[in-house]
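A look at the structure
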Amino acid sequence: MTSETKGSDVSAMSFEDALKELEVIVSRLERGDVPLEESITLYEKGDALRRHCDKLLKAAEAKVEKIQLSKDGTASGAEPLDVE
């Protein structure tokens, strides 16, 4: 396992970094040459990365929707958005 996969904190990663690491994990698992224990660890890390990416995408989508519409339905710029 790479030091990147082993030691990085998923919640602190940008969407781009998390997606890149997820792609590396998927590629390694698809090759099928990873020992079972490492496969399980990689799968768990991949699942955490997938959930993190999903959360970041939903937050970005909500911000875009908030920017597009105000309370009266007209475009009004940006407002702070609490997502969770």
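Residues numbered from 1 in each chain as written. Predicted model: local features only at pLDDT ≥ 70, side-chain atom pairs only at ≥ 80, totals over all residues. Heavy atoms only, no water.

**So, the overall build of the chain**
Helices and strands together make up the secondary structure of the chain, namely three helices and zero strands. By residue count, 23% of the 84 residues in the chain fall in the buried class. Pairs at least 24 residues apart make up 55% of the contacts formed inside the chain by residues separated by at least 6 positions. For the chain, the computed accessible surface area is about 6,300 Å², with 54% contributed by carbon and sulfur atoms. (Helix = DSSP H or I, 4+ residues; strand = E, 2+ residues; numbered from the N terminus. Buried < 20%, exposed > 50% of the residue type's maximum accessible area, 1.4 Å probe, protein only. Contact = heavy atoms within 4.5 Å. Areas by Shrake-Rupley, 256 points an atom, 1.4 Å probe, with all protein chains shown as cover.)

**Considerations on helix α2 (residues 15-31)**
For α2, which comprises 17 residues, the first-to-last C-alpha distance of 24 Å matches the rise-based estimate of 24 Å (1.5 Å per residue) to within 8%. Following α2 by one or two positions, Gly32 adopts a phi angle in the positive range, close to 80°. (Expected span 1.5 Å × (residues − 1).)

**Observations regarding the pattern of salt bridges**
In this structure the tally under the stated criterion is six salt bridges. In this structure, the salt-bridge partner of Lys45 is Glu21, at a minimum N-O distance of 3.6 Å. Of this pair, Lys45 sits in helix α3 (residues 36-68) while Glu21 sits in helix α2; the two residues are 24 residues apart in sequence, bridging distant segments of the chain. Relative accessible area serves as the criterion here: at 11%, Lys45 is assigned to the buried category. Between Glu38 and Arg28 there is a salt bridge; the shortest N-O distance is 2.6 Å. With Glu38 in helix α3 and Arg28 in helix α2, this residue pair connects regions lying ten residues apart in the sequence. Given the relative accessible area of 18%, Glu38 is considered buried. Taken together, the shared-partner salt bridges in this structure form one network comprising Asp47, Arg50 and Arg51. (Salt bridge = Lys/Arg side-chain N within 4 Å of Asp/Glu carboxyl O.)

**Thoughts on the confidence of the model for the chain**
Here the chain averages 82 in pLDDT, and 69% of its residues register 70 or above. The lowest-confidence element of the chain is helix α1 (residues 3-7), averaging 42 in pLDDT; the highest-confidence one is α2, averaging 97. Every residue in residues 1-7 scores below 50 in pLDDT, and together they form 13 contacts with partners more than four places removed in sequence or on other chains. (pLDDT = per-residue confidence, 0-100.)

**A few points about the nonpolar core**
Core analysis: the biggest nonpolar cluster contains nine residues, these being Val10, Met13, Ala18, Leu22, Ile25, Val34, Leu42, Leu49 and Cys53. Listing elements by their share of this core, those giving two or more residues are α2 and α3. (Core = buried A, V, L, I, M, F, W, Y, C linked by side-chain atoms within 4.5 Å.)

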